[in-house]
Structure formats: structure tokens, C-alpha cells
Amino acid sequence: MGTVEAANKKAIESTLGQKKPKVVFVLGGPGSGKGTQCANIVEHFGYTHLSAGDLLRAEIKSGSENGTMIQNMIKEGKIVPSEVTIKLLEKAILENENDKFLIDGFPRNEENRAAFEAVTGIVPEFVLFFDCPEEEMEKRLLGRNQGREDDNIDTIRKRFKVFLESSLPVIEHYNSKGKVRKIDAAKPVGEVFEAVKALFTPVDDKKLWRLRPRGFYVTVTSLISSSAEVLKGIEDGKFG
Ligand SMILES: Nc1ncnc2c1ncn2[C@@H]1O[C@H](COP(=O)(O)OP(=O)(O)OP(=O)(O)O)[C@@H](O)[C@H]1O
Ligand SMILES: Nc1ccn([C@@H]2O[C@H](COP(=O)(O)O)[C@@H](O)[C@H]2O)c(=O)n1
Ligand SMILES: [Mg+2]
């Protein structure tokens, strides 16, 4: 690595280190609903959504020198070298004022995972894993209609193979560290989001909900007992 590159890397590391962003990795097969659920999480919980795929597609559009390489990789369902994707993610994190991010579709392989940790020092809070059968994902991708060049049956099959061979081991890695929160993503969008919500709702809020009925009973019980005291007071002639 040249001196300028090394200096840039150090600068990014220290800036990201200072920022200490909270990161949740959002993983799952192609078409499992990562983007759809991230939009819901953003709306309800104030995270910023960074999709690695979207950042790469924007890079192609921007006419960058890596554009053609990225386009070819995406068409083949292959994983773009980590260096390229990590630079895009770092830039997006640093340019945003928010301190909590959903990183969707990353890390996609062991190289992505190890390089991101080494370069940024960021360890995810947890990994949200959308688990969905291939048959359902294929149906969703073929019906997506967003003009994506990789939503054709040949590329979809290649993407499924890459997911099984390269991305699942990353999920297993995080699972062995107790970081994976698995969601049944084959259900309708609303039901999937109910399960997602439970993971993002702060523990304090959940406790409050559990305490509320108890608080209600305590209030009612004390009202009853104080009414009983008043009645007894009337009987005893205490109130004139
Ligand atoms: N739970 C669901 N039930 C039915 N359709 C869904 C569900 N979730 C998402 N979809 C639809 O499936 C398609 C793929 O969803 P989405 O783009 O969120 O998946 P993704 O995991 O981000 O895919 P990719 O990895 O290809 O980016 C979209 O057309 C979306 O509207
Ligand atoms: N970490 C990543 C993420 C994505 N890619 C490439 O982009 C394609 C589309 O990704 P989506 O998450 O939007 O489905 C994917 O198939 C890869 O070609 C990548 O290289 N590295
Ligand atoms: Mg997506």
C-alpha cells in the first residue's frame, strides 16, 4: 500500500473510530425482503439504510472507473472486491450525520467480513437474517419489476449459488458469536415487520409495557381500599 493510501486508510479508521456508529448488518438471500424491511425500520426506528447493492449500482451510474467491472460482476451475480464496496460504505457513513446504520447486503462473503472489521474496527450490534425458501425468493425477484439487470432467471440462479456458498458461512460465523437474529421472511410483509419490530424496540419500552397492567391493578386496588376506608368512616360517624 502506498503512503497516500495508507494515510487515507488511517484517517478513515480514526474518523470512523471517533464516530463509533451503531451498525446492524441485514442479511438474507436475494429477494428475501431486506430492502423492504429496511425501509420500515428506517421509518419506525430512525436508522439510516445503506444497501451495498444500491451503492454499487450508483457507482456504475456515476461513470466511475470501476463502473464496468462492477456492472459485469453484478450481471454474473459475483461479489465485487471488498476494497471497492467498503470504500463506498465508509464514505456513506462518514457523510451522514446519523450514528445508527442498517448495512443491507453486506458482508456477503468472508473477505467482505474480515476486511470491514480490519479497516473500520466496527463490530455489528447484531445481524438481522431474513430466512426465506428459494422458491419464494425466485417468485419475488421475477415479479420485482424494478428494471434490475440481475433479476433474470440465469443471474438469479447464480446469485442463489453465491448466497449458499459464500454468504451463509458469514451468517454461521456470526451465529457462533450469538449475534444472529433470524426472522421467518416467507410470511407477508406486515407479519415479518412485527417480528422485526420486537428486535428493535428498546428493552425499557418492553419493560414498561409489562409494568403497565401491574401499575393499573395497583391503582385500582388502592382506590378500592381507600373507598372502603371512607365508607367505614361514614359508618363510624367520622364525617359528621
Ligand atoms: N414478505 C414479503 N412477501 C411478499 N413479497 C415481498 C415480501 N418482502 C418483499 N417482497 C417483495 O419481493 C421483492 C424483493 O424484495 P426486496 O427488494 O426487499 O428484497 P431484497 O432482499 O432486498 O433483494 P435483493 O437482495 O435482490 O436486493 C420486492 O418486489 C418486494 O416488494
Ligand atoms: N456486498 C456486496 C453486495 C452486493 N454486491 C453485488 O451487487 C449485487 C446486488 O446486490 P443486492 O444486495 O442489491 O441484491 C450482488 O448480486 C453482487 O453482485 C456485491 O458484490 N457485494
Ligand atoms: Mg435489496
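Scroll up to find the structure.
Read on for a plain summary of the structure. Predicted model, so just to flag it, every value in this text is computed and none were measured.

Another point: the site of ligand 1. The environment of ligand 1 is made up of 17 residues, and the closest members are Lys34, Thr36, Arg144, Arg159 and Lys187. Here Gly35 contributes a backbone N or O atom positioned 3.0 Å from an oxygen atom of ligand 1. Contact distances for ligand 1 include 2.8 Å between an oxygen atom and a side-chain N or O atom of Arg144. The protein chains hide 78% of the 640 Å² of surface that ligand 1 would expose on its own.

A few words on the environment of Leu55. By the secondary structure assignment, Leu55 is in helix α3 (residues 52-61). Through-space distance from the C-alpha of Leu55 to that of Thr85 is 7.9 Å; in sequence the pair is 30 residues apart. With sequence-adjacent residues up to four places away left out, Leu55 is seen in contact with Leu88, Leu89 and Ala92.

On to the site of ligand 2, then. Near ligand 2 there are 16 residues, and of these Arg57, Lys78, Val80, Gly105 and Arg148 occur at the shortest range. Between Gly105 and ligand 2, the recorded distance is 3.0 Å, taken from a backbone N or O atom to a nitrogen atom. Asn112 places a side-chain nitrogen or oxygen 3.2 Å from a nitrogen atom of ligand 2. Taken by itself ligand 2 offers 450 Å² of open surface, and the protein chains cover 96% of this. Broken down by secondary-structure element, the contributors of at least two residues to the shell around ligand 2 are α3 and α4 (67-75).

Below, the discussion takes up the packing of aromatic side chains. Inspection of the entire model under this criterion finds seven aromatic pairs. Considering the side-chain rings of Phe25 and Phe116, the 5.6 Å spacing of their centres and the 65° angle between planes classify their relative orientation as edge-to-face. In this pair, Phe25 sits in strand β1 (residues 22-28) while Phe116 sits in helix α6 (residues 110-120), placing the two residues 91 residues apart along the sequence. Comparing Phe25 with Phe116, the two get one shared label, buried. The rings of Phe25, Phe106, Phe116 and Tyr174 are connected pair by pair, giving a single aromatic cluster.

Thresholds applied
- Residues numbered from 1 in each chain as written.
- Chains lettered and ligands numbered in written order.
- Predicted model: local features only at pLDDT ≥ 70, side-chain atom pairs only at ≥ 80, totals over all residues.
- Heavy atoms only, no water.
- Near = heavy atom within 4 Å.
- Polar contact = N/O pair within 3.5 Å; in protein donor to acceptor, adjacent residues only side chain to side chain.
- Areas by Shrake-Rupley, 256 points an atom, 1.4 Å probe, with all protein chains shown as cover.
- Helix = DSSP H or I, 4+ residues; strand = E, 2+ residues; numbered from the N terminus.
- Contact = heavy atoms within 4.5 Å.
- Phe/Tyr/Trp six-rings, centres within 6.5 Å; stacked < 30°, edge-to-face > 60°.
- Buried < 20%, exposed > 50% of the residue type's maximum accessible area, 1.4 Å probe, protein only.

As far as function goes, none of this settles anything; it's purely spatial.
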